[in-house]
Amino acid sequence: MEQSERYVKFEEGLVSRKIFFDPEIYQAELERIFARCWLFLGHESQIPEPGDYMTAYMGEDPILVCRGADGTVRAFLNSCRHRGMRVCRADRGNARQFTCSFHGWTYANSGELRGVPLGQDAYGERLNKAEWGLLEVPKLTSYGGMLFGNWDAGAESLDDFLGELRWYLDVMVERQIGGIEFIPGVQRYSLDANWKIASENFAGDTYHLPYSHGSMFKLDIRQINPANPSFRGKDADYYNIGLDNGHGMTGIVFGDERYRVDLEAAKEYGAEVVEYVEECHQRLIKALPKHQAGVYALSFSNMFPNLSFNDFSALRPIGFYLWLPKGPSRIEAWNWCGIDRDAPKVVKDLARVDFTRIQSVTGIAAQDDTENFEQVTEATRGVVGQRLDFNYQMNVGQAPLDGPDDCPGRFAPYISETNQLNFYQHWAALFDAP
Amino acid sequence: MVGHELQHSVEQFLYREVRLLSELRYEEWLDLFTDEVRYWMPARETIAGQPDALAGDSEMAYFDDDKAFLAARIERLRSPLAHAEQPPSRLRYFVSNVEIEEAGEDEIDVRCNLLVYQSRLERTEVSYVGRREDRLRRAGSSWRVTTRKIILDQTLVPRSISVFF
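So, here's what we can say about the structure. Numbering of residues starts from 1 in each chain and follows the order in which that chain's sequence is written. Note on labels: chains are lettered from A, ligands numbered from 1, in written order. Confidence filtering applies because this is a predicted model: local features only for residues at pLDDT of at least 70, side-chain atom pairs given and counted only at 80 or more, and all residues used for totals across whole chains, interfaces and linings. The side-chain figures draw on all heavy atoms in the structure; neither hydrogens nor water molecules are used.

1. Some thoughts on the packing of aromatic side chains
Moving on, step 1. Two aromatic rings from Phe, Tyr or Trp, using only the six-membered ring of Trp, form a pair when their centres are within 6.5 Å; if the ring planes differ by under 30 degrees the pair is stacked, by over 60 it is edge-to-face, and anything between is tilted. Taken as a whole and assessed by the stated rule, the structure comprises 39 aromatic pairs over all chains.
Moving on, step 2. Centroid distance Phe20(A) to Phe390(A): 5.0 Å. Interplanar angle 40 degrees. Geometry classified as tilted. With a gap of 370 residues between them, Phe20(A) in the loop between strand 2 (14-16) and helix 1 (23-34) and Phe390(A) in strand 21 (residues 389-391) connect regions that are remote in the sequence.
Moving on, step 3. With relative accessibility at 13%, the residue Phe390(A) sits in the buried group.
Moving on, step 4. Summarising the aromatic geometry, the rings of Tyr128(B) and Phe165(B) are spaced 5.3 Å apart at their centres and angled 90 degrees between planes, so their arrangement reads as edge-to-face. Here Tyr128(B), found in strand 5 (residues 124-139), pairs with Phe165(B), found in the segment after strand 6 (142-152); they are 37 residues apart in sequence, far enough to count as distant.
Moving on, step 5. Note that Arg32(A) overlies the ring of Phe431(A), its terminal NZ or CZ placed 4.7 Å from the centroid.
Moving on, step 6. Cation over ring: Arg175(A) sits above Tyr296(A), and NZ or CZ is 5.5 Å from the ring centre. Under the DSSP-based scheme used, a helix requires at least four consecutive residues in state H or I and a strand at least two consecutive residues in state E, with every element numbered from the N terminus. Exposure is judged per residue with a 1.4 Å probe applied to protein chains only, and the accessible area is read against the type maximum: over 50% gives exposed, under 20% gives buried, and values in between give partly exposed. Note on criteria: charge over ring means Lys NZ or Arg CZ within 6 Å of the ring centre, with the direction from the centre no more than 35 degrees off the ring normal.

2. Some details on the sheet that holds strand 5 of chain B
Moving on, step 1. Taking strand neighbours across the sheet as the criterion, the six strands line up as 2-1-6-5-4-3 (chain B) in an open arrangement whose pairing is mixed. Two strands in the sheet have a free side with no partner beyond their single neighbour: strand 2 (61-65) and strand 3 (90-102) of chain B. If you compare each strand with its neighbour and ignore which way they point, the axes differ by 20 degrees on average.
Moving on, step 2. Only strands joined by at least two bridges in the DSSP assignment are considered to pair. When strand 3 of chain B meets strand 4 (residues 107-120) of chain B, the two strands line up antiparallel, connected through 11 bridges. Among the inter-strand pairings, Glu101(B) is bridged to a residue of strand 4 of chain B, identified as Asp109(B).
Moving on, step 3. Residue contacts are counted whenever heavy atoms from the two residues lie within 4.5 Å of one another. Where helices are involved, their axes are fitted lines through C-alpha atoms of the stretch in contact, as for all axes, and angles between N-to-C directions lie from 0 to 180°. With respect to the sheet, helix 11 (residues 345-357) of chain A is in contact with strand 1 (33-42) and strand 2 of chain B, its orientation differing from that of strand 2 of chain B by roughly 110 degrees.
Moving on, step 4. Packed onto the sheet, helix 1 (residues 4-22) of chain B meets strand 1, strand 3, strand 4, strand 5 and strand 6 of chain B and runs at close to 155 degrees relative to strand 3 of chain B.

3. Some thoughts on the pairing of strand 4 (residues 52-58) of chain A
All names here are of chain A.
Moving on, step 1. Most of strand 4 is tucked away: seven of the seven residues are buried.
Moving on, step 2. The alternating pattern of strand 4 places Asp52, Met54, Ala56 and Met58 on one face and Tyr53, Thr55 and Tyr57 on the opposite face, and all of these are buried.
Moving on, step 3. Relative to strand 7 (residues 92-94), strand 4 is paired through three bridges, and the arrangement is antiparallel. Residue Tyr53 lies in a different strand from strand 7, and its bridge partner there is Gly93.
Moving on, step 4. Across six bridges, strand 4 lies against strand 5 (residues 61-67) in antiparallel orientation. Among the inter-strand pairings, Tyr57 is bridged to a residue of strand 5, identified as Pro62.

Listed below in structure tokens is the structure:
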């Protein structure tokens with residue numbers, strides 16, 4: 001029996017509570033998932049100039065992302081090769097080199113070890129500096145400016161890893177007139193929960209919306225779209241779509257539905273905004289086949305393992321929510337706000353302010369999610385609680401829906417839990433991989 | 001340097017304001033803001049050589065609310081489905097280091113330090129530490145807040161924020 005079969009019983013729709021708490025399972029995840037999957041590092045717009053750098057994490061490993069003098073972006077383990085000190089202690093900046101504060105080893109922003117205090121006197125010929133540069137992340141790829149790294153030199157390409165998700169991401173990327181940029185700054189907050197609780201929520205948990213966020217949906221605010229499918233039950237025209245490699249998307253609707261809603265909303269902000277929405281739509285029609293362009297925006301999604309994002313509208317932010325693992329029961333969430341570089345100022349301002357209000361650290365949705373995620377942790381950690389499974393049986397035994405032709409993925413009703421099972425099935429496959 | 005009377009009046013206003021928050025009297029608290037208030041908490045980062053690396057006006061913020069959205073937040077908190085504050089947290093606010101500068105005939109700029117302690121359910125404990133930069137406008141014998149800038153010292157916020165500052 002594969003080890004993971006004890007934890008993920010796919011046919012029965014059951015997942016053991018152990019995988020959210022067990023320190024040994026967590027340690028294995030860091031090795032088999034976070035050291036092997038493509039992980040999100042940030043966006044190129046955060047480091048536009050030669051010498052710009054920012055810090056990040058891959059799993060629990062601290063990372064330094066640098067744009068070299070040649071414009072190439074590289075990522076390194078942010079740890080001196082001598083005694084392991086963090087070489088860069090700032091969140092971002094511009095530097096040609098980094099000097100370790102412990103003994104003064106100095107690295108170029110291309111990773112090479114340049115200087116060692118008392119080099120010849122202290123080491124004689126023993127230290128070959130060429131072998132002691134910063135440890136470089138062997139694979140780094142940018143897509144739509146989004147930077148992803150992979151510690152596994154033999155890993156599949158980012159394109160292959162994204163797989164079917166790429167078809168949908170293209171909609172989000174191609175809709176932007178000037179391309180995605182991140183507004184400067186990041187939000188970071190801690191929550192006491194396992195990283196998978198948050199990731200699976202974005203991968204497919206439309207079921208939680210009416211109750212978890214019931215207080216939000218009662219408000220008369222522009223983010224609450226009257227066409228929101230949350231209250232329409234198993235409505236046939238909104239889909240959750242399970243994708244290969246564990247990725248999942250919710251609330252996909254075809255045939256320009258989200259475009260029509262945007263166009264109507266744009267009228268409130270005047271001709272410039274209406275024109276902008278029309279231009280976004282035109283771009284999509286030119287760049288993509290008609291049925292793909294008709295998706296227009298993506299609702300909320302999770303890219304396996306831990307990058308969640310949402311993209312409801314050209315008038316709202318593209319939110320990026322990275323759930324960094326910090327132990328079996330601790331997440332550090334990093335949030336960024338993506339916008340179209342060439343959107344009119346009024347749209348940028350709308351999106352920026354909007355970002356702070358819903359899923360951000362103070363967001364009226366994130367607050368209630370945090371409470372639920374943390375109390376899941378509290379209520380299931382006991383020895384008896386740990387014997388039980390979580391229930392994902394809502395759609396077990398149901399055949400996938402027939403989605404529109406030529407659209408990738410396994411289609412499920414808007415209220416469904418198959419995307420979560422898809423997430424755990426992939427988790428299990430990686431967990432068992434040698 | 002401002003007179004004792006002004007200092008006293010402003011401090012009393014600030015103490016009363018945070019008492020309303022700790023007693024969850026949010027509607028009365030909102031009445032202390034002008035209709036055009038910007039309630040803004042810029043994000044911050046650790047940047048070499050910049051002791052106060054705050055996000056700018058069009059950059060990342062934690063809060064960027066007008067009065068209407070503050071009212072929406074309060075309306076939400078009154079819902080039994082606002083799980084983040086059901087049952088309610090215990091909140092304690094500490095305001096200190098109140099400094100005042102005149103800013104025109106009817107307005108003053110007020111800086112203070114702020115410590116907010118949140119105790120929630122059994123063992124959730126969070127402290128937010130920072131400062132505020134307010135512009136207050138005279139309203140009869142008291143004041144109204146017309147801009148509020150909240151600056152946390154933490155760059156990693158200890159928990160998602162379900163309280164006001």
